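# Observations on the three-dimensional arrangement
Residues per chain, in single letters:
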Amino acid sequence: MTDIGTEDERFAAFLRSAVRQLDVPETPRDAMWAAIAARRQHRTPVQGADWSTYVTPAVARDASAVADTVHIITSADADTRPPMQVDRHGLTVQSGGASARPVVRRSIPLRWAMPIAAAILAVGVGIGNMAQFGRRTVAKTPSNIALAGKGTPMLPTQMLTEQHLNQARVELVKFVATSQQGATQAEIQASNQRMANWARQMMDVTRTLMSAPMDKRQHDLLADLENVLLQMSQLSNDMPDDNEFVRQTLEHDQLIQRLQSAAPGPQRAI
Amino acid sequence: MNAAVRPADELGLVNRVLAGDPAAEREFYDAHVDGIYRLAYRVTGDAELARDFTQEAFVRAFDRLDQWRGEAAVSTWLRRVAMSVVLNGLERTKTRAARETPLEDIDGEATTAETDTDAESLELKERLSAAIDALPVSQRSVVMMHDIEGFTHQEIAESLGITVSSSKVRLFRARAQLRLALSDFAEEWTP
C-alpha cells in the first residue's frame, strides 16, 4: 500500500491536473463572513453553556453528574501544564511556564457535559431504533453495568463505549454472515438498507464517544469503526462493490476481532 | 497550504482571536477561508452546500479555538473541523449523490467546441466529474485532500480522525475506481 509505484504517481499527477480544470466557484468571502458574524453575535461567547438547550433537563442533570464523576476520576490524569488563572470571562487561562502558548479551557464538567449527555441520548435512540427492527434490546444487551457491579469499576463513558462497541460487533458479524451465506438479491438489498440506516445512527454516537478522553488504542478502534460505518452508511443497491469494500475494510483492519477484544460482551459479564 | 499566515504569526493571530479581537477574527477567516471553501466544494460538489458548511466550520472553529492544542498547524486543525462539518452535514442532507457540477453550464458550449482537443477535454471533465461523484464520500474526501490539495496521510488522518492506514486504504480504493472509470484516457498516465 505504501509503495504506490511510478504509474500510480503519474496517475495522481494526471488526476491533480484534471481536477484543477474543474471550476471551483469564487469564494463568497464577504457573504459568508456576514453570515458567520451574524450567527456569532447571537451566541454567548466561548462558555458554551447553551448545552442545556440540546438536552432535556433530566438528562442534563444526569449528564452533569456523570461529567462530575468523570472529572473527579480523571483529575489525576497528567495535566502538567502551569497553573490556571481566571480571566475576565470567567475562563481558566494557562499562564507562565516554558510554553508561550496560552490555552483557554472551559471548566471540565461543563466541557464534557454536552458530549456525554449527547452520548446517553444517542445510545438511547440507537437502542430504540434497533428495537424497532426487532433486534436486541437493552434487556438483552450484555450487562456492562452488572460487570461494573462485580468489582470492576468502569467509568460511565467506558460503559457507554463498551456497549457501543459490542453493539457494533454484533451487527457487523451479521453483515458479514449475510453477505457470505449466499443471500438472495432481495435479502442483500434489504440488509443494505437496514445497515445503512443503522450505520448513520451509530456514526453520531461513535463521533461523540471519540471526543471523550480515552487511551489511544480505543480511540483508534473507534476511528476505524467510524471509517467502516461511513462506508456502510453509503451502501446502496446501485453499487454492489461497496459491500465488498466494507468487507475488505473489516478484514484489513481486523475490526471484528478488535471489537471482540475491546468489548467481549456476554462472556466477560459471566 | 496556507500562504497568508506564517507559522510564527499563527500563534499571535490565534491569541488575538482568543482575546476577542474582531480584526483578528476577520484576519483568521481571510487567511483560511479559500482553502476551506475549496475543500468543501470539492467534497460536496455543490456551491450552496460548500458555503453552508464553510460558514458552519468557521462558527464552530471560533467557538472551539481554545481547544487547539498546537500539536498540528492551526490550518490542519481547522480542516479537521471543516471535514467533520462536511461529513456530518452530508449525512444529514443526504444529497451527496446529487452533485451539480459546472458541467451543466459547459454542456451548452459543447456544440460549439471546434477542435478535437476541446471535445476531448470536455469529455475528460465529464467523465472525471462523474467518476468523482460515484466515489463514496469517505474515499472522495481522502483523494481530494491527498491528490488535489496535497495533504499528507498524517495530516488527513489528523483532519478526519482516522488512522494513517485507513487513509491509505481509502486513497488506494479511490484511485482504483477512478483509474477504472477513466481508463479511456489511460495514455495520459501510462508510458
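Criteria and cut-off values
- Note on numbering: residues in each chain are counted from 1, in written sequence order.
- In the order they appear in the text, chains get letters beginning with A and ligands get numbers beginning with 1.
- Only residues with pLDDT of at least 70 are given local features in this predicted model, and only at 80 or more are side-chain atom pairs given and counted; all residues enter the totals for whole chains, interfaces and linings.
- The basis for every side-chain value is the complete set of non-hydrogen atoms in the structure, without hydrogens or water.
- Numbering of helices and strands starts at the N terminus; helices are DSSP runs of H or I of at least 4 residues and strands are runs of E of at least 2.
- Exposure classes here rest on a 1.4 Å probe applied to the protein chains alone. A residue is buried below 20% of its type maximum, exposed above 50%, and partly exposed in between.
- The contact rule is simple, with two residues in contact once any of their heavy atoms fall within 4.5 Å.
- Only the protein chains shown count as covering a residue, and every accessible area follows the Shrake-Rupley method with a 1.4 Å probe.
- Each pair of aromatic rings taken from Phe, Tyr and Trp, with Trp reduced to its six-membered ring, is defined by centres within 6.5 Å and is described as stacked if the planes are under 30 degrees apart, edge-to-face if over 60, and tilted in the remaining cases.
- For a helix, the expected span equals 1.5 Å multiplied by the residue count minus one.
- Buried area adds together the accessible area that both of two parts lose upon being put together, with accessible area traced by a 1.4 Å probe.
- The rule for a salt bridge is simple: a side-chain nitrogen of Lys or Arg has to be within 4 Å of a carboxyl oxygen of Asp or Glu.
- To obtain each axis, a line is fitted to C-alpha atoms, and for helices this fit is confined to the stretch in contact; angles are then taken between N-to-C directions over 0 to 180 degrees.
- When describing relative orientation, an angle under 35 degrees is termed roughly parallel and one over 145 degrees roughly antiparallel, while 65 to 115 degrees is termed roughly perpendicular and anything else oblique.
- Whether a crossing is left-handed or right-handed is set by the direction in which the near helix is turned from the far one by less than a right angle, anticlockwise for left-handed and clockwise for right-handed.
- Three classes are used, and their members are as follows: Ala, Val, Leu, Ile, Met, Phe, Trp, Tyr, Cys and Pro are nonpolar, Asp, Glu, Lys and Arg are charged, and the others, Gly among them, are polar.
- One number per residue, pLDDT, summarises how confident the predictor is, and it ranges from 0 to 100.
- Here, nonpolar core refers to any group of buried Ala, Val, Leu, Ile, Met, Phe, Trp, Tyr and Cys residues whose side-chain atoms link them within 4.5 Å.
- What marks off one domain from the next here is an automatic or database domain assignment.
- Within 3.5 Å is the distance limit for a polar contact, defined as a pair of N or O atoms, with the added protein rule that one can donate a hydrogen and the other accept it, and that residues adjacent in sequence qualify only through two side-chain atoms.

### Here we look at the overall build of chain A
- Each helix and strand in chain A was counted, giving 11 helices and three strands.
- Each helix (α) and strand (β) of chain A, taken in turn from the N terminus, gives the series α-α-α-β-β-β-α-α-α-α-α-α-α-α.
- Counting over 270 residues, chain A shows a buried share of 41%.
- Once local pairs closer than 6 in sequence are excluded, the contacts in chain A between residues at least 24 apart make up 69%.
- Surface exposure of chain A reaches about 14,200 Å², of which carbon and sulfur atoms provide 55%.

### Considerations on the overall build of chain B
- Within chain B one finds nine helices and zero strands.
- Starting at the N terminus and ending at the C terminus, chain B contains elements arranged as α-α-α-α-α-α-α-α-α.
- Here chain B, with 191 residues, has 53% of them falling under the buried criterion.
- Of the accessible surface of chain B, which amounts to about 7,900 Å², a share of 50% is contributed by carbon and sulfur atoms.

### Things to note about the packing of aromatic side chains
- With the rule as written, the count across this model stands at six aromatic pairs over all chains.
- Centroid distance A:F11 to A:F14: 6.1 Å. Interplanar angle 40°. Geometry classified as tilted. Here A:F14 and A:F11 lie together in helix α1 (residues 5–21), a separation of three residues that amounts to about one turn. When sorted by exposure, A:F11 lands in the same class as A:F14, which is buried.
- With a centroid separation of 6.2 Å and 75° between ring planes, the pair formed by A:W33 and B:F62 is classed as edge-to-face. Pair noted here: A:W33 is in helix α2 (residues 29–41) and B:F62 is in helix α3 (residues 47–64), and the two residues belong to different chains. Assigned by exposure class, A:W33 and B:F62 land together as buried.

### What about helix α9 (residues 164–181) of chain B?
- If you check α9(B), its first and last C-alpha atoms are 26 Å apart, about what 18 residues at 1.5 Å a residue would give, namely 26 Å.
- What α9(B) keeps buried is the set B:S166, B:S167, B:V169, B:R170, B:L171, B:R173, B:A174, B:R175 and B:L178.

### What to know about the interface of chain A and chain B
- The partner chain B presents 70 residues to the 61 residues of chain A that form the contact.
- Taking both sides of the interface into account, the surface hidden between chain A and chain B amounts to around 6,400 Å²; carbon and sulfur atoms contribute 56%.
- In this assembly, chain A and chain B are joined by four salt bridges.
- Note that B:D34 and A:R29 form a salt bridge whose closest N and O atoms lie 2.6 Å from each other.

### Here's the deal with the packing of helix α7 (residues 185–210) of chain A against helix α8 (residues 216–233) of chain A
Residues and elements named next belong to chain A.
- The N-to-C vectors of α7 and α8 enclose an angle of 150°; their axes lie 8 Å apart at closest approach. With respect to their mutual orientation, α7 and α8 come out roughly antiparallel. As for how α7 packs across α8, the hand of that crossing is left-handed. From α7, M195, A196, W198, A199, R200, M202, M203, T206, R207, L209 and M210 reach across to α8, where they touch H219, L222, A223, L225, E226, L229, L230, M232 and S233.
- Taken together, the residues of the contact of α7 with α8 break down into 14 nonpolar, three polar and three charged.

### What to know about the pattern of salt bridges
Residues and elements named next belong to chain A.
- By the definition in use, this model includes 15 salt bridges over all chains.
- The shortest N-O distance in the salt bridge between R258 and D224 comes to 2.8 Å. Of this pair, R258 sits in helix α10 (residues 255–262) while D224 is found in helix α8, placing the two residues 34 residues apart along the sequence.
- The class for D224 is buried, based on a relative accessible area of 4%.

### Let's talk about the confidence of the model for chain B
All names here are of chain B.
- For chain B, mean pLDDT is 79; residues scoring 70 or higher make up 82% of the total.
- Across residues 95–114 the pLDDT falls below 50, and counting only partners more than four positions away or on other chains, this stretch makes 31 contacts in the model.
- For this predicted complex, the interface confidence reaches an ipTM of 0.73, while the overall pTM sits at 0.45.

### Describing the nonpolar core
- Ranked by size, the top nonpolar core spans 92 residues in total, and within it A:L172, A:W198, A:M232, A:L250, B:F28 and B:F58 carry the most contacts.
- If you count residues domain by domain, this core takes at least three from each of domain 1 (1–102) and domain 2 (115–183) of chain B.
- A:L250 has contacts with A:L172, A:F175, A:V176, A:V228, A:L255 and A:I256, leaving out every residue within four places of it along the chain.

### Some thoughts on helix α7 (residues 137–148) of chain B
All names here are of chain B.
- The buried fraction of α7 is high, at 12 of 12 residues.
- Within α7 the residues assigned to the buried category are V137, S138, Q139, R140, S141, V142, V143, M144, M145, H146, D147 and I148.
- Of the residues one or two after α7, G150 is the one with positive phi, at around 80°.

### Some points on the environment of B:M83
All names here are of chain B.
- Mapped onto the elements, M83 comes out in helix α4 (residues 74–93).
- When its relative accessible area of 1% is taken as the criterion, M83 is described as buried.
- Sequence separation of M83 and T54 is 29 residues, and the distance between their C-alpha atoms is 9.6 Å.
- Setting aside residues no more than four positions away along its own chain, M83 makes contact with L39, V43, S141, M145, S159 and L160.

### Considerations on the side chain of B:S167
Residue and element names in this part refer to chain B.
- Along the chain, S167 turns up in helix α9.
- Residue classification places S167 among the buried positions, given a relative accessible area of 0%.
- Within the structure, the side chain of S167 is placed 2.8 Å from the side chain of H153, a separation counted as a polar contact.
- What S167 contacts, discounting residues up to four positions off in sequence, is V142, H153, I156 and I162.

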